[in-house]
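# Per-entry structural report
Next come the chains, spelled out residue by residue.
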Amino acid sequence: MLDLTGLAMLREFAVRGTLAATAEAMGYSPSAISQQLAALERQAGVPLTVRTGRRLRLTPAGERLVTHADAVLATLEEAQAELRLNRESVRGTVKLAVFQSAALALVPPALRAIRAAHPKLRVLVTQSEPGAALADTWARDFDLVVAEEYPHHSAPHYPQVDRRPLVTDELRLCVGGPWADATTLADVADASWVMEPRGTATRHFAEQACRTAGFEPDVRFETADLQAHVRFIESGLAVGLLPGLMWGRGDMAALAHPLRPAAYRTVFTAARRSSRHDSAIAAVRTALERAAQELSTMAGTAPSVAPSL
């Protein structure tokens, strides 16, 4: 019979691409990973990996075995989740990945609710870029992720990872200082801008919105920290496009003007399909959804609950 640890390592190697990355993810040394893969290869009776130059890659037999290993690990995860359903209380540890604005607006009320309802449930929260977090959830580094999609920019889809909507978050032009009277993108064609780094979905959306309005934005401030965006805008040093989870906080709503046509991002949770019976993950997901619903009741400031993706 094939060794389960070896199958897990083979699957991890397929996801990570190198022995070093596999070792780091699993907490082993590269030599230990190599030895386990060699032992699995002897059990299988066929070559599972082949060296090409300095790199190790899977053989066709290895790729087929990874598919079976993925199914075996998913079945094992489902079995463990079903066993936890028999517990009297929800307990355990859930690893949650979340991007900044959701971490600020949704996670605190969700965690307070979890602490009150499920005191034995431990949630580990990591701030992570949504695209990377989705990949890491598929790879089993996280149990649950809060991710986002911007208009005309779909987040990556991974096999056997299910999504559930949280909120539809309106994107608005936020202005202050010398641009306080501006209400449209055309009004701020000559303004200084704050945007997220190049390569992000947020930056792509913001640049395209400006270009569609007929100008190239003068980006003076570049940061992934949306709290910094708020400070630059409130200080009158820049203008920017912010989602409702940010402009709906504090006094920013007075500085936020709807785009024409209106634009929205979708915020959703994603988890592996094999964890659908896990009561701990379900409790965290439900708490996030309730936090989103409560936020939507804040008239005129909050995003709305998303009906579907």
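Before reading further, recall that the structure is shown in the block above.
A few points on the structure.

Rules and cut-offs
- Residues numbered from 1 in each chain as written.
- Predicted model: local features only at pLDDT ≥ 70, side-chain atom pairs only at ≥ 80, totals over all residues.
- Heavy atoms only, no water.
- Phe/Tyr/Trp six-rings, centres within 6.5 Å; stacked < 30°, edge-to-face > 60°.
- Helix = DSSP H or I, 4+ residues; strand = E, 2+ residues; numbered from the N terminus.
- Buried < 20%, exposed > 50% of the residue type's maximum accessible area, 1.4 Å probe, protein only.
- Polar contact = N/O pair within 3.5 Å; in protein donor to acceptor, adjacent residues only side chain to side chain.
- Contact = heavy atoms within 4.5 Å.
- Axes fitted to C-alpha atoms, helices over the stretch in contact; angles between N-to-C directions.
- Parallel < 35°, antiparallel > 145°, perpendicular 65-115°, else oblique.
- Nonpolar A, V, L, I, M, F, W, Y, C, P; charged D, E, K, R; others polar.
- Disulfide = S-S within 2.5 Å.
- Expected span 1.5 Å × (residues − 1).
- Left-handed = near helix turned anticlockwise from the far one by under 90°.
- Salt bridge = Lys/Arg side-chain N within 4 Å of Asp/Glu carboxyl O.

### Some thoughts on the packing of aromatic side chains
Counting across every chain of the model gives four aromatic pairs. Here tryptophan 138 and tyrosine 158 contribute two aromatic rings whose centre-to-centre distance is 5.6 Å and whose plane-to-plane angle is 25 degrees, an arrangement assigned as stacked. Here tyrosine 158 lies in the loop between strand 5 (144-149) and strand 6 (161-174) and tryptophan 138 lies in helix 7 (residues 130-138), a separation of 20 residues in the sequence. Note on tyrosine 158: relative accessible area 25%, which makes it partly exposed.

### Concerning the side chain of glutamine 100
For glutamine 100, the location among the structural elements is in helix 5 (residues 100-105). Polar contacts involving the side chain of glutamine 100 include one to the main-chain amide nitrogen of leucine 226, which spans 2.6 Å. Residues within four places of glutamine 100 in sequence aside, it is in contact with Gln127, Ala224, Asp225, Leu226 and Gln227.

### Some details on the packing of helix 2 (residues 19-26) against helix 3 (residues 30-44)
Packed helices, taken two at a time, are described by their axes: the angle between them and the distance between them. Running from N to C, helix 2 and helix 3 point in directions that differ by 100 degrees, and their axes come no closer than 8 Å. In terms of their interaxial angle, helix 2 and helix 3 are classed as roughly perpendicular. Counting all contacts with helix 2, which are made through Leu19, Ala20, Thr22, Ala23 and Met26, the residues of helix 3 involved are Pro30, Ile33, Ser34 and Leu37. Of the residues that constitute the contact of helix 2 with helix 3, the class distribution is seven nonpolar, two polar and no charged.

### Brief notes about the state of the cysteines
Applying the stated rule across the entire model yields zero disulfides. Summary of cysteine pairing: cysteine 174 is not part of a disulfide, and the nearest cysteine sulfur, belonging to cysteine 210, is at 13 Å. Classification of cysteine 174 as buried rests on a relative accessible area of 0%.

### A short note on the side chain of serine 101
Position of serine 101 relative to the elements: it lies in helix 5. On the basis of relative accessible area, serine 101 is assigned to the buried category, the value being 1%. Those residues in contact with serine 101 that sit more than four places away from it in its chain are Leu226, Leu245, Met246 and Arg265.

### Focus on helix 11 (residues 279-296)
Under the 1.5 Å per step criterion, the end-to-end length of helix 11 is 26 Å for 18 residues, consistent within 8% with the ideal 26 Å. Along helix 11, the positions that sit buried rather than exposed are Ser279, Ala280, Ile281, Ala283, Val284, Arg285, Ala287, Leu288, Glu289, Ala291, Ala292 and Leu295. You can read the cap of helix 11 off the contacts: a side-chain oxygen lies 2.9 Å from the backbone nitrogen of alanine 280, and it is on aspartate 278.

### Side note on the packing of helix 1 (residues 4-16) against helix 4 (residues 60-84)
Relative orientation of the contacting elements helix 1 and helix 4 amounts to 115 degrees, with a least axis distance of 9 Å. The handedness of the crossing between helix 1 and helix 4 comes out as left-handed. Along its contact with helix 1, which presents Leu4, Leu7, Ala8, Leu10, Arg11 and Ala14, the element helix 4 presents Gly62, Leu65, Val66, Ala69, Asp70, Val72, Leu73 and Leu76.

### Here we look at the pattern of salt bridges
Across all of its chains, the model carries 18 salt bridges by this definition. When the shortest N-O distance is used, the salt bridge between aspartate 143 and arginine 272 registers 3.5 Å. Taken together, the residues aspartate 143 in the loop between helix 7 and strand 5 and arginine 272 in strand 10 (residues 256-272) connect sequence positions 129 residues apart. Each member of the pair, aspartate 143 as well as arginine 272, is classed as buried. The closest approach of N and O atoms between glutamate 148 and arginine 265, which form a salt bridge, is 2.5 Å. You can see glutamate 148 sitting in strand 5 and its partner arginine 265 sitting in strand 10, a full 117 residues away along the chain. You'll find glutamate 148 and arginine 265 in the same group, each marked buried.

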